[in-house]
Amino acid sequence: MKPPGQRPLFLGVLVLVISGAWAAMVVTPHVMARASMLDGLETAFLDMRVVLLGPADPAPDVVIVAIDDATLTYAQDTNLTARAVLAHTLDHIADIGAGAVGVDVILADAGDADVTADLAAALGRGATVIAAGGRFTPDTTTPHTILRPHPAFAQAADVGLVNLSTDAHGVPRYAPMVFTTDRGIEPSFPMAVAARFLQVAPTLAPGHLTLGHSQLPLDIGAMLPIRLIGPQGHIPTYSARDVMTGMVASELAGKAVLVGYTATAFGDTFPTPFEGSVPGVEILAGVVSQMLGGPTLRRDPGVRRVDAAVGIVLAVVAAGLVVTLPLSMGVPAAFGAVALWGAGVIVAFYVGVWMGAAVPLVAAIVPIVGAGGLRYVIENRRAARGVTALAALKQFQSPALAEMIARDPAFLQHPTARPLSIFFVDLSGFTALSERLGPAKTQELLKQFHQLTAQAIETHGGVVLNYMGDGALAVFGMTDAETPADQALAASFALIDDLRALAIACRIGLHHGDVVVSRLGGDQHHQVSVAGDVVNLTNRLLEIAKTEHAVLAVTDTVMQMASTRAFRACDVTKPVAVRGRSGSVDVHFWKA
């Protein structure tokens, strides 16, 4: 069994070790980019950052030509088929001189021969990329299904897969740069469009994509984190009808143009943090924008490792704050450290870095709660032991004195001079009385006497310092009372009345003045005591009271301090010579 002094240290080290182990368990899937239960929380925090910072400006070289409701109405009015509309639109875009064209339409069937020929010819007029789509399964035994363009179109343009990686709610989060299919490695649609626009061959390496002079950071698996840049229409969008009718021309010149359906009930849409749904062609245009100098989002293995390191350090530091500081300070400080990291996450997002929020948060919160709960239980037990110890201490010391010692263990560590009202009491005729009663009944009598003495003194704000057989010593003013003389007089009359009810007589002496209050005893045991001439004089008053046949002898000093002079009228006041002192003392006597 560990010595008591080592137990807190052992528990603290154990908490830190467990916190570090917990954090390591939490961050491991994150570092390896494996799916975990925290993914939903992380994307929720990501969307909060997206909304907090608002829409971002896309790259100026990216525009959209939308086959929208107006275009379909125009086609109906001019008897154009959908393929014919697409062919005419691409012809006009080529005439304008677009830098590159991405067609987000999967042209899987041939259709009418004449229209097919026109569309294939339009596709071949510029740097064009057309879409393919795949259904990919995590099960390696199940073959992937790829919906490809008809060969007539695939021969006229480049082909890229439009698949995006979405979260559980369908929000696009990543754009894969390449896909492994039955034909080998195939490029993504956005990467192919950006490469044709820049007229460079893309180069993939672990952690980044190189397009000419630009280098984009990639996450594990050649995945580009998608920086959602705004609601629908945030990227400049022009109707295909306006392109075909010549209303839009220079706006497309030299641009990377993405063509896709946005008409009601046509094309795919995705939910985003900005609004309910955004057309797929606009999401793809945003990815192309990232590759052409627009706002991007960095989340690569290096960022993941930083997240993991922060998660472990934050967990250990937060737990350390809770176990080392007082609970009322440690828990707020730990949550403050977490909040500080949260602020850093927002700043990082502002500069285009997707730092993890969920992983460090969960890595730290559990240790904070666990360490806080442990501290709460320990401190509650310690408090309960303290209450028990205080209750036990009150059986050996005056309750008021015990409270002062409990609040300040260094109470009276050094002797202190202070003004107090001193109270001495003893029983009258105790020797003869004890002889008549015998030991057992004498002990019972003393117990009653001491109990009544404590009750009278403590009720009136005094502190009993010592019981001395048939007597007791008490002080008033120890608890900073403003009227210790009044309290001492009130306690004296109350005790006299209580003892008279038991047919017991006593003598009480009261005096007030400066005394030295100190601890007496060795290193392991202390007793609070008072000393000085005032104490000695008060003790002598018991002898004087016996001589005067009085129950109460009070110096004029006490009476001058008393705010109420009419407690009870004294029987006589006179100067009295005190043994061992020169001169006399004016004393007020109350007879039996």
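Use the structure listed above.
Residues numbered from 1 in each chain as written. Predicted model: local features only at pLDDT ≥ 70, side-chain atom pairs only at ≥ 80, totals over all residues. Heavy atoms only, no water.

A.B. asks: Help me understand unusual backbone geometry, please; the structure alone is not making it clear to me.
C.D. replies: Here N79, not a glycine, exhibits a phi torsion of approximately 55 degrees, which is positive. Relative to the elements of secondary structure, N79 occurs in the loop between α3 (69-77) and α4 (82-96). The exposure class assigned to N79 is exposed, which follows from its relative accessible area of 69%. At A222, a position not held by glycine, the phi torsion is positive, near 55 degrees. Secondary-structure assignment places A222 in the loop between β12 (214-217) and β13 (223-225). (Helix = DSSP H or I, 4+ residues; strand = E, 2+ residues; numbered from the N terminus. Buried < 20%, exposed > 50% of the residue type's maximum accessible area, 1.4 Å probe, protein only.)

A.B. asks: So what exactly am I meant to see when it comes to helix α16 (residues 533-547) here?
C.D. replies: Think of an α-helix as 3.6 residues a turn; residues three or four steps apart then line up on the same face. The end-to-end C-alpha distance of α16, which contains 15 residues, comes to 21 Å, matching closely the 21 Å that a straight helix rising 1.5 Å per residue would cover. Those residues of α16 lying buried are V534, V535, L537, T538, L541, L542, I544 and A545. The inward-facing, buried residues of α16 contact β18 (416-427), β21 (506-520), β22 (527-531), β23 (550-555), β24 (572-577) and β25 (584-591). (Expected span 1.5 Å × (residues − 1). Contact = heavy atoms within 4.5 Å.)

A.B. asks: Can you help me understand the packing of helix α7 (residues 189-198) against helix α9 (residues 280-291) in this one?
C.D. replies: A pair of packed helices is characterised by two quantities: the angle between their axes and the separation of those axes. At their nearest, the axes of α7 and α9 sit 9 Å apart, and the two run at 50 degrees to each other. By the criterion of interaxial angle, the relationship of α7 to α9 is oblique. Both α7 and α9 take part in a crossing whose hand is right-handed. Residues F189, P190, M191, V193 and A194 of α7 form the contact with α9, whose participating residues are L284, V287, V288 and M291. Partitioning the contact of α7 with α9 into residue classes produces nine nonpolar, no polar and no charged. (Axes fitted to C-alpha atoms, helices over the stretch in contact; angles between N-to-C directions. Parallel < 35°, antiparallel > 145°, perpendicular 65-115°, else oblique. Left-handed = near helix turned anticlockwise from the far one by under 90°. Nonpolar A, V, L, I, M, F, W, Y, C, P; charged D, E, K, R; others polar.)

A.B. asks: Honestly, the sheet that holds β13 in this entry has me stumped. Any pointers?
C.D. replies: Strands pair in a sheet through their backbones, by hydrogen bonds, and they do so in one of two ways: parallel or antiparallel. Strand order in the open sheet made by the three strands is β6-β7-β13, with antiparallel pairing throughout. The two strands at the open ends of the sheet, each matched to only one other strand, are β6 (165-166) and β13. Two elements, strand β7 (residues 172-176) and β13, share three bridges in a ladder whose sense is antiparallel. The partner of A175 across the bridge, within β13, is L224. (Pairing = 2+ DSSP bridges.)

A.B. asks: Please clarify how the pairing of strand β15 (residues 256-261) should be interpreted in this entry.
C.D. replies: Along a regular strand, successive side chains alternate from one face of the sheet to the other. Along β15, six of the six residues are buried, which leaves the element largely enclosed by surrounding structure. Both faces of β15 are covered, namely the face carrying A256, L258 and G260 and the face carrying V257, V259 and Y261. In this sheet, β15 lies alongside strand β1 (residues 62-67) in parallel orientation, the contact comprising six bridges. Bridge pairing in β15 links V63 to V257. The sheet contact formed by strand β2 (residues 100-103) and β15 spans four bridges and is parallel. Of the residues in β15, the one forming a bridge with V103 is V259.

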